[in-house]
Amino acid sequence: MTTSLAPRTAARRQPSPSGMSPLARKRLSRAALNTAGVLVFLFAIFPVYWMVSTAFKTNDQIFTTDFIPIPRELTFEHVERILTEGVAGNSIWVYMRNSAIVALGTVLIGAVFALLAATAIARFRFRGRTSFLILLLIVQMIPAEALLIPLFLNVKRLGLYDSLLGLIVINVGLTLPFGVWMLRTFVAAVPKSLEEAAWIDGASRFTTFWKVLFPLVAPGLVATSIFSFITAWNELVFALILMSDSSGYTMPVALQFFFGQRGVDWGAIMAGSTMMTIPVVVFFLLVQRRMVTGLVAGAVKG
Amino acid sequence: MTNTSTIARGGGNLPAPERSSKRSRRQAKPSGLPGWVIPYVLIVPGLLVIAGLLLYPLIQMIIISFQKVGLRQIRGVPADWVGGDNYTQVLDNEIFWSSLRNTVLFAVVTVTLTLVLGTAVGTLLNKLSKRMSALVIVGIMSAWAVPPVAQGVIWRWLFDADAGMINWGLNLLPDWFSEMLFGRSDWTGEPWLNDPLSLYIALIVCVVWASFPFIAVSVLAGLKGIPSELYEAARVDGSGAWRTFRKITLPLLKPVFSVLTILSIIWNFKVFSQLYVLMNGPTNREAFNLSMFSFAEAFRSPPKMGTGAAIAVILTVLLLIVTAVYIRQIVKTEEL
């Protein structure tokens, strides 16, 4: 880095008006950049840190007007309380489990459908292909809030009200268009010649798909699945209207119940939020790069 | 001859000999179903999901917006047609206009701030040393990963009237400075989340904090793709940083910015979870946005699904207009 800077500074024709040497200027701007970097880092991380640290602070350190950056003593009382006493009549585990069931169910069903459709788009030229692609783009523009009322009525009619299955079905619908859109780039990236070689050797379509294409697309499938998982895990509004019995609440809904009664138990709600956030942060760090390519690449390459 | 050898090598599906004999010997075609059927078989499940869970409800929503759907209709009584009544009712309601204003102003401010901050941070990341940028990326990733509900929870705590760190931080400012900027110096007990305006300030901070990382990382990815010779050339020609940014970076990243702008508009137009947490459910009618207004009409007793659907239709149409205008502009200038 520093060596490559030398010729650039040499290319400057005049010394800077402030009279500083080019090297000093460079050092100064590097220091300024690093300072900016640290500020951005702090701005981004502080609220997250504040959530986690509040979860482990004693109540007298929480309900104070002082700024206590590092907890003076750590406590697990809030974590214990939400695990045993819980909220809205159930331990927080019940809500974590419900959220996990909904998210995993969405991923499992969605992944199969998305993989099939993405293979069709990326591997075949068929009549209606372009229309299907455009349809995928358009349905992504539909705000989920617009589907709230009809889906609520349909779910009630089908007897899926208050059932996690109903939530899974809806989340599959909400995540599928983007899943197909993202996965198709991964399928297209596998060279077709590999499959052709398998065909020449007499492999059936299914064998080719399962033994050749699938292992190569698997990383992309994981990335897409994690995206669907996070979407379903975070989903609030459908869970809010489709679950009336508290034993079926998902985490986003359950967290609402820490508010409301007399005063807010901030230690408990921060412990709950931390529990809900951890899986997402882990997944995010795993697929971060792929997610950006998936979101932007499709549209940019047009 | 050739067929027998293929079969002998174990092509599981046993294609009819007379059909395959018509094929050329080394053609790369698999055995099994005729090729043209396969893509349709593959997209049928996905198509059914999209049709059943997205397109059909969309049509239903439009129909419901012309009906009266209350408690009795939810229980199964057929709904009555009321023509455009729901729409006139909505348009006559002051809350609709304040919701519309809140939605649009929030989207404009948030999209602008997110894009500016995200681009600045993306450019910064590109200039930082490897280790430093890795650190910053971990930081912004953590912010980005926080679920919307938890985002709301965190900022509701930070903006808390008594123990919130925002008030603590504002109290730290020198009195004369605070007085000059805000006309007050004591922030103790300031209830941010009661008044619509200050509630939206908190919401904007929350959403910008959570969404600038995506912009920053995308811009960084775009910047990495720009050949460094262009910047070298600009530097040799004595172009300043701002000029280089405007004349090289911006035009080359235009496609990226188009996508990011559209996505940000769509996301911010219908922000729900964070607002729901920050204002503690649909409580403060003056602080509703269109999503919240539609939700409150339809799901707070007494449920007025028809009016709720009418609001949702208006929201969807607005979103489609925004994206359509934008997409047309892109097609015209051939950015994509």
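On a predicted model such as this, the values are computed, not experimentally measured, just so you know. (Residues numbered from 1 in each chain as written. Chains lettered and ligands numbered in written order. Predicted model: local features only at pLDDT ≥ 70, side-chain atom pairs only at ≥ 80, totals over all residues. Heavy atoms only, no water.)

## A short note on the overall build of chain A
Okay, so step 1: In terms of regular secondary structure, chain A is built from 13 helices and zero strands.
Okay, so step 2: Its helices and strands taken in sequence order, chain A reads α-α-α-α-α-α-α-α-α-α-α-α-α from the N to the C terminus.
Okay, so step 3: The buried share among the 302 residues of chain A stands at 54%.
Okay, so step 4: Within chain A, contacts between residues separated by at least 24 positions form 69% of all contacts whose residues are at least 6 apart in sequence.
Okay, so step 5: When the accessible surface of chain A is split by element, carbon and sulfur atoms take 66% of a total near 13900 Å². (Helix = DSSP H or I, 4+ residues; strand = E, 2+ residues; numbered from the N terminus. Buried < 20%, exposed > 50% of the residue type's maximum accessible area, 1.4 Å probe, protein only. Contact = heavy atoms within 4.5 Å. Areas by Shrake-Rupley, 256 points an atom, 1.4 Å probe, with all protein chains shown as cover.)

## Brief notes about the nonpolar core
Okay, so step 1: F238 of chain A together with I140 and M305 of chain B are the most contacted members of the largest nonpolar core, which totals 193 residues.
Okay, so step 2: Look past the residues within four positions of F238 of chain A in its chain and what remains in contact with it is A144, L147, L148, L151, L167, I170 and L174 of chain A. (Core = buried A, V, L, I, M, F, W, Y, C linked by side-chain atoms within 4.5 Å.)

## Points about the side chain of N102 of chain B
Residue and element names in this part refer to chain B.
Okay, so step 1: Tracing the backbone shows N102 in helix α6 (residues 94-127).
Okay, so step 2: We classify N102 as buried; its relative accessible area is 8%.
Okay, so step 3: Setting aside its immediate chain neighbours within four residues, N102 contacts Y200, E286, A287 and F288.

## Here we look at the pattern of salt bridges
Okay, so step 1: The final tally for this structure, using the stated rule, is five salt bridges over all chains.
Okay, so step 2: Of the charged contacts, one joins E190 of chain B and R184 of chain B as a salt bridge, the two residues approaching to 2.8 Å between their closest N and O atoms.
Okay, so step 3: E190 of chain B sits in the buried class, given a relative accessible area of 17%.
Okay, so step 4: Judged by its relative accessible area of 27%, R184 of chain B falls in the partly exposed class.
Okay, so step 5: Salt bridges here are not isolated pairs; linked through shared partners, they connect E77, R81 and D265 of chain A. (Salt bridge = Lys/Arg side-chain N within 4 Å of Asp/Glu carboxyl O.)

## Section: the packing of helix α7 (residues 130-145) of chain B against helix α11 (residues 196-224) of chain B
All names here are of chain B.
Okay, so step 1: The geometry of α7 relative to α11 is characterised by a closest axis approach of 7 Å and an angle of 130° between their N-to-C directions. By the angle class used here, α7 and α11 are oblique. Taken as a pair, α7 and α11 cross one another with a handedness that is left-handed. Residue-level contacts link I137, I140, M141, A143 and W144 of α7 to W209, A210, F212, P213, F214, A216, V217 and L220 of α11.
Okay, so step 2: When its residues are assigned to classes, the contact of α7 with α11 shows 13 nonpolar, no polar and no charged. (Axes fitted to C-alpha atoms, helices over the stretch in contact; angles between N-to-C directions. Parallel < 35°, antiparallel > 145°, perpendicular 65-115°, else oblique. Left-handed = near helix turned anticlockwise from the far one by under 90°. Nonpolar A, V, L, I, M, F, W, Y, C, P; charged D, E, K, R; others polar.)

## Here's the deal with the interface of chain A and chain B
Okay, so step 1: Taken together, the contact pairs 93 residues of chain A with 102 residues of chain B.
Okay, so step 2: For the pairing of chain A and chain B, the buried interface totals around 8700 Å² over both sides, and the portion due to carbon and sulfur atoms is 80%.
Okay, so step 3: Looking only at chain A, the three residues that lose the most surface to chain B are M141, I149 and R205 of chain A, adding up to 8% of its buried area.
Okay, so step 4: Our count for the contact surface shared by chain A and chain B stands at zero salt bridges.
Okay, so step 5: If you look at where chain A meets chain B, you find five residue pairs in polar contact (both at pLDDT 80 or more).
Okay, so step 6: Class assignment of the residues belonging to the side of chain A that touches chain B gives a composition of 67 nonpolar, 15 polar and eleven charged. (Buried area = accessible area lost by both parts, 1.4 Å probe. Polar contact = N/O pair within 3.5 Å; in protein donor to acceptor, adjacent residues only side chain to side chain.)

## Examining the confidence of the model for chain B
Residue and element names in this part refer to chain B.
Okay, so step 1: Per-residue pLDDT for chain B averages 85, and the proportion of residues at 70 or more is 87%.
Okay, so step 2: Between the elements of chain B, mean pLDDT differs from a low of 37, seen in helix α1 (residues 2-8), to a high of 96, seen in helix α8 (residues 148-158).
Okay, so step 3: Low pLDDT, under 50, characterises residues 1-25; the stretch is placed with 19 contacts to residues that sit more than four places away or in other chains. (pLDDT = per-residue confidence, 0-100.)

## Digging into a nonpolar patch on the surface
Okay, so step 1: A grouping of V104, V108, V109 and L113 of chain B is seen on the molecular surface, where their side chains present a nonpolar patch of about 290 Å² in accessible area.
Okay, so step 2: One can find L113 of chain B in helix α6. (Patch = residues over 30% accessible without salt bridge, like charges linked within 9 Å, V, L, I, M, F, W, Y side chains within 5 Å.)

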